[in-house]
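# Results of the structural survey
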Amino acid sequence: MKEQYKVGVVGATGMVGQRFVTLLENHPWFKLTVLAASGRSAGKTYEEAVGSRWAMATAMPESVKQMVVQDASQVEEIAAQVDFVFCAVNMKKDEIKALEEAYAKAECPVVSNNSAHRFTADVPMIVPEINADHVEIIDAQRRRLGTKRGFVAVKSNCSLQSYVPALHPLKEEFGISKVLVCTYQAISGAGKTFETMPEIVDNVIPYIGGEEEKSEKEPLKLWGHVEGDQIVCAEKPLITAQCYRVPVTDGHTAAVFVSFDKKPTQEQMLKAWAEFSGPSQQLNLPSAPKQFLHYHSEDNRPQPKLDRMIENGMAVSIGRLREDILFDYKFTCMSHNTLRGAAGGAVLLAELLAVKGYMD
Ligand SMILES: NC(=O)c1ccc[n+]([C@@H]2O[C@H](COP(=O)([O-])OP(=O)(O)OC[C@H]3O[C@@H](n4cnc5c(N)ncnc54)[C@H](OP(=O)(O)O)[C@@H]3O)[C@@H](O)[C@H]2O)c1
């Protein structure tokens, strides 16, 4: 791999884009060289283009304030300036698909937060601790696109980043037959703050468009396998989900109910979580949490406000493990939706792809 990669952010002015900008400020391998967004922002300085939309707890980095935002549709121009791009844009699905493929065809790898390509059979959807081996499908995708370097890789939806990591080591060891999950999702997941979503104050909204389907189906692609030129989704476990929007700034919580093929003891489950590590930890990737899964023994944890920033927002918190009368067990999970669940997860995926040589 190279010592440093030049990186662009497409959708840099949005909520996830701002996260990328803050995460890339001092990244040891990736240097932010291009900021791109819609024609509305193009030609303005980043500071002007974002204006009052800056939603991060830390100030906008000085290094980006005067950078001029480029028009994301100028694909060839942008591709010539970078080694790869991160993409998080708010556009129609077919437009996003076309935009991401255009970058890939311009020999510019795309690491995407968007859902448009998550079920394209030769596009890997990766949580590095769970299915890093899916990177190998990129060769088949490059053959389809007719590219040497260019490809699209995606990360999964933010809601499932809280509970799938907790289920993963249990699935490996004990087999999982069924899962019921209710998610309580933060407003930053909709690109909102309390100022821009006043209707959420003192309220719960029992609908997030498309989220329940994603929460039920995407885990099966993560747990699928590479077969020829496609990723074949796993057939089980059965997952049913309800997703609510709640008045929390950052951090998605999930109430999880699970039944196993071979019911473990609580001690075995706690041990599986404590001992779990994946390729991100083994390869010592710069954004990887040292301990991916943190179990909290207090009855009132995890809480978004207290626990979302553990390990720089890249860990998953678990708590309240107990037996259930309908399922084998129930417990609570929580993860930071714009860090582990979005930009942080994408940076970690890009680090994996760089180590594996796909960015060269
Ligand atoms: N927020 C989360 O936690 C989260 C988590 C996972 C995935 N995602 C996904 O990430 C994507 C972005 O989400 P977000 O919350 O960051 O949205 P957002 O705050 O609304 O930002 C949208 C970004 O897209 C850009 N954009 C809009 N239309 C465009 C166009 N025609 N051409 C180029 N750029 C365009 C905007 O640029 P302008 O400023 O110029 O309009 C802005 O930079 C979505 O696909 C979302 O589903 C979000």
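Before reading on, note that the structure itself is shown above.
This report concerns the structure included in the present document. (Residues numbered from 1 in each chain as written. Predicted model: local features only at pLDDT ≥ 70, side-chain atom pairs only at ≥ 80, totals over all residues. Heavy atoms only, no water.)

### Here's the deal with helix α9 (residues 211–222)
For α9, built from 12 residues, the straight-helix expectation of 16 Å at 1.5 Å per residue is met to within 8% by its first-to-last C-alpha distance of 16 Å. Within α9 the residues assigned to the buried category are Glu211, Ser215, Glu218, Pro219, Leu220, Lys221 and Leu222. Packed against the buried residues of α9 are α6 (128–131), α8 (160–174), β7 (176–185), β9 (230–232) and β10 (238–245). (Helix = DSSP H or I, 4+ residues; strand = E, 2+ residues; numbered from the N terminus. Expected span 1.5 Å × (residues − 1). Buried < 20%, exposed > 50% of the residue type's maximum accessible area, 1.4 Å probe, protein only. Contact = heavy atoms within 4.5 Å.)

### Here we look at the sheet that holds strand β6 (residues 152–154)
Through backbone hydrogen bonds, the strands of a sheet pair up, either in parallel or in antiparallel fashion. Pairing in this open sheet of six strands is parallel, and the strands run β3-β2-β1-β4-β5-β6 from one edge to the other. A strand with exactly one partner marks an edge of an open sheet, and here the two such strands are β3 (70–71) and β6. As paired strands, strand β1 (residues 5–10) and strand β2 (residues 30–37) are joined by six bridges and run parallel to one another. Along β2, the bridge assignment pairs lysine 6 with lysine 31. Running over the sheet, helix α5 (residues 93–105) touches β1, β4 (84–87), β5 (110–112) and β6 and is turned about 150° from β5. (Pairing = 2+ DSSP bridges. Axes fitted to C-alpha atoms, helices over the stretch in contact; angles between N-to-C directions.)

### Observations concerning the side chain of glutamine 141
Tracing the chain through its elements places glutamine 141 in helix α7 (residues 138–145). Look at glutamine 141 and you get buried, because its relative accessible area is 0%. Leave out the neighbours within four places in its chain, and glutamine 141 touches Asp122, Val123, Pro124, Phe151 and Val152.

### So, the side chain of aspartate 83
With respect to the helices and strands, the residue aspartate 83 is situated in the loop between α4 (75–79) and β4. Taking the relative accessible area as the measure of exposure, aspartate 83 reaches 10% and is therefore buried. In contact with aspartate 83, not counting residues within four places along its chain, are Lys2, Gln4, Tyr5, Lys6, Pro109 and Arg149.

### Considerations on the environment of isoleucine 138
The topology assignment puts isoleucine 138 in helix α7. Overall, the relative accessible area of 0% leaves isoleucine 138 in the buried class. Distance in space between the C-alpha atoms of isoleucine 138 and aspartate 229 is 9.0 Å, their sequence separation being 91 residues. With residues up to four places along the chain from it excluded, the contact list for isoleucine 138 reads Pro124, Phe151, Leu353 and Tyr358.

### What to know about the pattern of salt bridges
Scanning the model with the defined rule gives 13 salt bridges in all. Taking the shortest distance from any N to any O, the salt bridge between aspartate 250 and arginine 19 comes out at 3.9 Å. With aspartate 250 in the loop between β10 and β11 (252–260) and arginine 19 in helix α1 (residues 15–23), this residue pair connects regions lying 231 residues apart in the sequence. Across the pair aspartate 324 and lysine 330 runs a salt bridge, and its minimum N-O distance is 3.2 Å. Residues joined in a network through salt bridges with shared partners are Glu101, Asp122 and Arg144. (Salt bridge = Lys/Arg side-chain N within 4 Å of Asp/Glu carboxyl O.)

### Examining the site of the ligand
Surveying the vicinity of the ligand reveals 25 residues, the closest of which are Thr13, Val16, Ser38, Ser41 and Arg53. Arginine 53 is positioned such that a nitrogen or oxygen atom in its side chain is 2.8 Å from an oxygen atom of the ligand. Protein coverage of the free-state accessible area of the ligand, which is 900 Å², stands at 82%. For the shell around the ligand, the per-class residue count stands at 10 nonpolar, 13 polar and two charged. Both domains that furnish three or more residues to the shell around the ligand are identified here as domain 1 (5–157 + 343–355) and domain 2 (160–336). (Near = heavy atom within 4 Å. Polar contact = N/O pair within 3.5 Å; in protein donor to acceptor, adjacent residues only side chain to side chain. Areas by Shrake-Rupley, 256 points an atom, 1.4 Å probe, with all protein chains shown as cover. Nonpolar A, V, L, I, M, F, W, Y, C, P; charged D, E, K, R; others polar. Domains from an automatic or database assignment.)

### Quick look at the packing of α1 against helix α13 (residues 339–355)
Two elements in contact, α1 and α13, have axes whose closest approach is 9 Å; the angle formed by their N-to-C orientations is 50°. The orientation of α1 with respect to α13, classified from their angle, is oblique. Handedness of the α1/α13 crossing: right-handed. Packed against α1, whose contacting residues are Val16, Arg19, Phe20 and Leu23, the element α13 presents Leu339, Ala342, Ala343, Gly344, Ala346 and Val347 at the interface. Residues belonging to the contact of α1 with α13 are distributed by class as follows: eight nonpolar, one polar and one charged. (Parallel < 35°, antiparallel > 145°, perpendicular 65-115°, else oblique. Left-handed = near helix turned anticlockwise from the far one by under 90°.)

### As for the sheet that holds strand β12 (residues 293–296)
With respect to topology, six strands assemble into an open sheet ordered β10-β7-β11-β14-β13-β12, the strand pairing being mixed. Looking at which strands have only one partner, the edges of the open sheet turn out to be β10 and β12. Within the sheet, the average angular offset between the axes of one strand and its neighbour, ignoring direction, is 20°. Seen against the sheet, α9 touches β7 and β10 and runs at an angle of roughly 145° to β10.

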